[in-house]
Amino acid sequence: MKSTGTAYGLWCLSLIGISGIHRFYLGRKVSGVIWLLTFGLLGFGQLIDLFLIPKMIAGSTGAGAAGMVGGEEPPAQAAA
C-alpha cells in the first residue's frame, strides 16, 4: 500500500529541482519521466499534483496496481 506521506515527501523534492519522483513512486513511470525532464511541466503540473496525490494513491491501490492498463476491469469469464 502506498503512503500519502511518502508521496508528499517525494513531491517536496521538486522544491530543490527534482520533479516527478512521486510519480515514479505511484507507478506512473511515463509521466514521471516527462515531469523529470520538464521540471514538473514548468511547475504547473507539479502544483496540480499537490492536489491530485490522494486520487493517484487511490488509483495505484486499485486495479491499476494489479497491472491493468488505465484501471480497466478484467474481461468477464465465459460460462462453461
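Predicted model, so just to flag it, every value in this text is computed and none were measured.

Reading guide: rules and limits
Residues numbered from 1 in each chain as written. Predicted model: local features only at pLDDT ≥ 70, side-chain atom pairs only at ≥ 80, totals over all residues. Heavy atoms only, no water. pLDDT = per-residue confidence, 0-100. Contact = heavy atoms within 4.5 Å. Phe/Tyr/Trp six-rings, centres within 6.5 Å; stacked < 30°, edge-to-face > 60°. Lys NZ or Arg CZ within 6 Å of the ring centre and 35° of its normal.

### Considering the confidence of the model for the protein chain
Close inspection of predicted coordinates is inappropriate in any region flagged by low pLDDT.
Link 1 in the chain: Averaged over all residues, the pLDDT of the protein chain equals 81, while 76% of them reach at least 70.
Link 2 in the chain: Per-residue pLDDT stays below 50 along residues 64-73; that stretch engages in nine contacts with residues further than four places along the chain or on separate chains.

### A word on the packing of aromatic side chains
Any aromatic ring pair is given by two values, namely how distant the centres are and how the planes are angled relative to each other.
Link 1 in the chain: Summed over all chains, the structure comprises zero aromatic pairs.
Link 2 in the chain: The ring of tyrosine 25 carries lysine 2 above its face, with NZ or CZ at 5.0 Å from the centroid.
Link 3 in the chain: Sitting above the plane of the tryptophan 35 ring, arginine 23 keeps its charged end 4.1 Å from the centroid.

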